[in-house]
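Reading the structure
Okay, here's what each chain looks like letter by letter:
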Amino acid sequence: IGLVTDTGKVDDKSFNQSAWEGAQAGAAAINGFSKYIETTDPKDYAANIQQFVDKGYDTIVTVGFLMGEATAAAAKANPNVSFIGVDQFNAIDAAGQPNLTGLIFPEDQAGYAAGYLAGLMTKTGKIGAVLGTDTVPPVKRFGEGYQAGAKAANPNVDVTLVYHAPDNAFNDPEWGAAEAQKQLAQGADKIGRAHV
């Protein structure tokens, strides 16, 4: 099982890491082996996938919405390889490849639960969230769920959602820390985050 991360490291405590842990567990369950490639530049998605194709891997897992097109193209070109796209939906649906499966998650529900908890716990009546780009539907759904959950728990809560610009939206912890500090300085006492 080969895994290609989105930009970022395999130990990101998010999608890359959980996908890698799953790939390792899957390989162990069938007495196989697993290896990963960390993508540092989006232009390398296809080349990184191709490295595993060239080495004869049976299953290739790709991580992240932005890898959808490269994953769908690789699946079409390599019908005997199984592809799994984590957090990929549009490109997979459009491709219609039998060797391509997308894993998607109910981000709105996770956001709702996080927002509900923050709405219950706030002492200042102000909470916030620092999020990746709102041009990516799962991120937007998480943010909207967060706000809806907070308002359900506490109709008077003031919720601030801040989205990153599309460039480098998923690999900019410095921006995320700075935005969280701004919200704290404005009185927010609970800060959620997703895909930063």
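Reading guide: rules and limits
- Residues numbered from 1 in each chain as written.
- Predicted model: local features only at pLDDT ≥ 70, side-chain atom pairs only at ≥ 80, totals over all residues.
- Heavy atoms only, no water.
- Buried < 20%, exposed > 50% of the residue type's maximum accessible area, 1.4 Å probe, protein only.
- Helix = DSSP H or I, 4+ residues; strand = E, 2+ residues; numbered from the N terminus.
- Arc of directions from axis to C-beta.
- Contact = heavy atoms within 4.5 Å.
- Salt bridge = Lys/Arg side-chain N within 4 Å of Asp/Glu carboxyl O.

Let's shift gears to helix α2 (residues 45-54). Restricting attention to buried positions, one finds in α2 the residues Y45, N48, I49, F52 and V53. Burial along α2 is one-sided: seen end-on, the buried residues are contained in an arc of 150°. Packing partners of the buried residues in α2 comprise β1 (2-7), β2 (35-39), β3 (59-63), α3 (68-77) and β4 (82-86). Just beyond α2, the residue with positive phi is G56, at close to 80°.

The subject of this paragraph is the pattern of salt bridges. This structure, assessed with the given rule, holds five salt bridges. With its nearest N and O atoms 3.6 Å apart, the salt bridge here joins E38 to K9. Of this pair, E38 sits in strand β2 while K9 is found in the loop between β1 and α1 (15-29), placing the two residues 29 residues apart along the sequence. For K9, a relative accessible area of 47% corresponds to the partly exposed category. With a shortest N-O distance of 3.2 Å, D41 and K43 are connected by a salt bridge. Of the residues examined, D41 reaches a relative accessible area of 26% and is grouped as partly exposed.

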